[in-house]
Amino acid sequence: MSRVCVAVAVPLLVCATSCANDPAKDAPVTAENKPQLVQTPSTIGSPEGSVVEEFNRRVDQYVKLREQLDGTLDKLSNQATPEQIDTHQRALLALIAKARVDVKQGDIFVPGMQTFAQGLVRRVLKGPDGPKLKESLMDENPMGIKLAVNDRYPDKVPLATMPADVLAALPRLPDNLEYRFVGNRLILLDTRAHLIVDFVPDTFDL
C-alpha cells in the first residue's frame, strides 16, 4: 500500500502582529470554531495564494486535532500485530468522527479550493499525456463507491495509484494524508485512521 503522497502546511493569512500568541490557532476544529475563507485585496483573484493557503491551514488544523486525539490512545508498539493496528485505527477514527460530528463535505476543500483542484486535474488530463494518464488512472479506479466525510475508507476497495503528474500539480500534504481518486472524486484520506477527511466531486469527466 505504498503510494506517493504529498504534503503541505502554510497558514492562510500573514499576521501583522501576534498570530504566534493566538490561542485559537492551535484549537481543534469544531462546529464553533471552524475557520472561514478570508480574502484580502492582495489575495483576491489569486487561488495560488489565498485559496491554497486556506486549504493548507485547514489541513494543518485537522492534523493537530488528530494528533491530540491519537495521544489519548495507547501507543502502538513497533511489534504491533495487524489486528492491533486495525483496532487502533478504528478507535482513532471513532474519536475523530465524534470530534468532527458537524463537519460536512467542503469544510476542508472549500468551494474555491474545489474549483482550483478541479481545474488542476482537468488541465493535467487535457495535456499531451492526458489520454495515457486517464487510462492509467481509470485502470485501478474504484467506481460506484458511496463516500461520506468521516467514513472509513472501505476495506475491500483497493487504493488506486495516483498519477505523478496530478500529484505534482496539487498542494503537498503532511505525513499520513494522501490524495486518492474514487471515481472522479478526489478524496483526502487519513491513512493513520483510514478515514475520509473530505473530497472534491467531479474533478474530471468519466
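In what follows, the structure referred to is the one given above.
All values reported here derive from a predicted model rather than from experimental measurement. (Residues numbered from 1 in each chain as written. Predicted model: local features only at pLDDT ≥ 70, side-chain atom pairs only at ≥ 80, totals over all residues. Heavy atoms only, no water.)

A. View of the overall build of the protein. The helix and strand inventory of the protein stands at five helices and three strands. Each helix (α) and strand (β) of the protein, taken in turn from the N terminus, gives the series α-α-α-α-α-β-β-β. Counting over 206 residues, the protein shows a buried share of 44%. Here the analysis covers contacts within the protein between residues at least 6 apart in sequence; of these, 67% occur between residues at least 24 apart. (Helix = DSSP H or I, 4+ residues; strand = E, 2+ residues; numbered from the N terminus. Buried < 20%, exposed > 50% of the residue type's maximum accessible area, 1.4 Å probe, protein only. Contact = heavy atoms within 4.5 Å.)

B. Main features of the packing of aromatic side chains. Applying the stated criterion across every chain yields a total of two aromatic pairs. Summarising the aromatic geometry, the rings of phenylalanine 55 and phenylalanine 109 are spaced 5.0 Å apart at their centres and angled 20° between planes, so their arrangement reads as stacked. Linking phenylalanine 55 in helix α1 (residues 47-70) with phenylalanine 109 in the loop between α2 (82-99) and α3 (111-125), this pair joins segments that are 54 residues apart in sequence. A single burial state applies to phenylalanine 55 and to phenylalanine 109, both of which are buried. A centroid spacing of 5.6 Å and a plane angle of 80° characterise the contact between phenylalanine 181 and phenylalanine 204, whose relative ring orientation is edge-to-face. In this pair, phenylalanine 181 is assigned in strand β1 (residues 177-182) and phenylalanine 204 in the segment after β3 (195-200), connecting sequence segments 23 residues apart. (Phe/Tyr/Trp six-rings, centres within 6.5 Å; stacked < 30°, edge-to-face > 60°.)

C. The arrangement of the pairing of β3 in detail. With six of six residues buried, β3 is to be regarded as a mostly interior element. Here strand β2 (residues 185-190) pairs with β3 via five bridges, running antiparallel. Residue leucine 188 lies in a different strand from β3, and its bridge partner there is aspartate 198. As consecutive antiparallel partners, β2 and β3 are separated by four residues, and within that stretch histidine 194 has a phi angle of approximately 55°, a positive value. (Pairing = 2+ DSSP bridges.)

D. Geometry of unusual backbone geometry. Look at asparagine 150: it is not a glycine, yet its phi comes out positive at around 80°. For asparagine 150, the position within the fold is in the loop between α4 (130-140) and α5 (164-169). Non-glycine residue asparagine 176 carries a positive phi angle of around 75°. Along the chain, the position of asparagine 176 falls in the loop between α5 and β1.

E. Main features of the environment of leucine 195. Structurally, leucine 195 is set in strand β3. Residue class for leucine 195 comes out buried when judged on its relative accessible area of 0%. On a C-alpha basis, the gap between leucine 195 and proline 154 in space is 9.3 Å, while along the polypeptide they are 41 residues apart. What leucine 195 contacts, discounting residues up to four positions off in sequence, is Tyr62, Leu93, Ile96, Arg100, Asn150, Asp151, Leu188, Leu189 and Asp190.

F. Spatial organisation of α4. By the burial criterion, the buried members of α4 are Gly130, Leu133 and Leu137. Buried residues along α4 cover an arc of 65° about the axis, so they all sit on one side. Every exposed residue of α4 that faces more than 90 degrees away from the buried side is listed here: Pro131, Lys132, Glu135 and Asp139. (Arc of directions from axis to C-beta.)

G. Representation of the sheet that holds β2 in the model. Strand order in the open sheet formed by three strands is β1-β2-β3, with antiparallel pairing between adjacent strands. Each having just a single partner strand, β1 and β3 make up the two edges of the open sheet. Sheet twist, expressed as the mean angle between neighbouring strand axes with direction ignored, is 30°. (Axes fitted to C-alpha atoms, helices over the stretch in contact; angles between N-to-C directions.)

H. Region of interest: α3. Over its 15 residues, α3 runs 21 Å from end to end, which matches the ideal 21 Å to within 8%, given 1.5 Å per residue. When α3 is considered as a whole, its buried residues turn out to be Met113, Gln114, Phe116, Ala117, Gln118, Leu120, Val121, Val124 and Leu125. (Expected span 1.5 Å × (residues − 1).)

I. Quick look at the side chain of histidine 194. Following the sequence through the fold, histidine 194 ends up in the loop between β2 and β3. Among the residues examined, histidine 194 registers a relative accessible area of 10% and is labelled buried. When near neighbours in sequence (up to four residues on either side) are disregarded, histidine 194 contacts Gln89, Leu93, Asp151, Arg152, Tyr153, Asp155 and Leu189.

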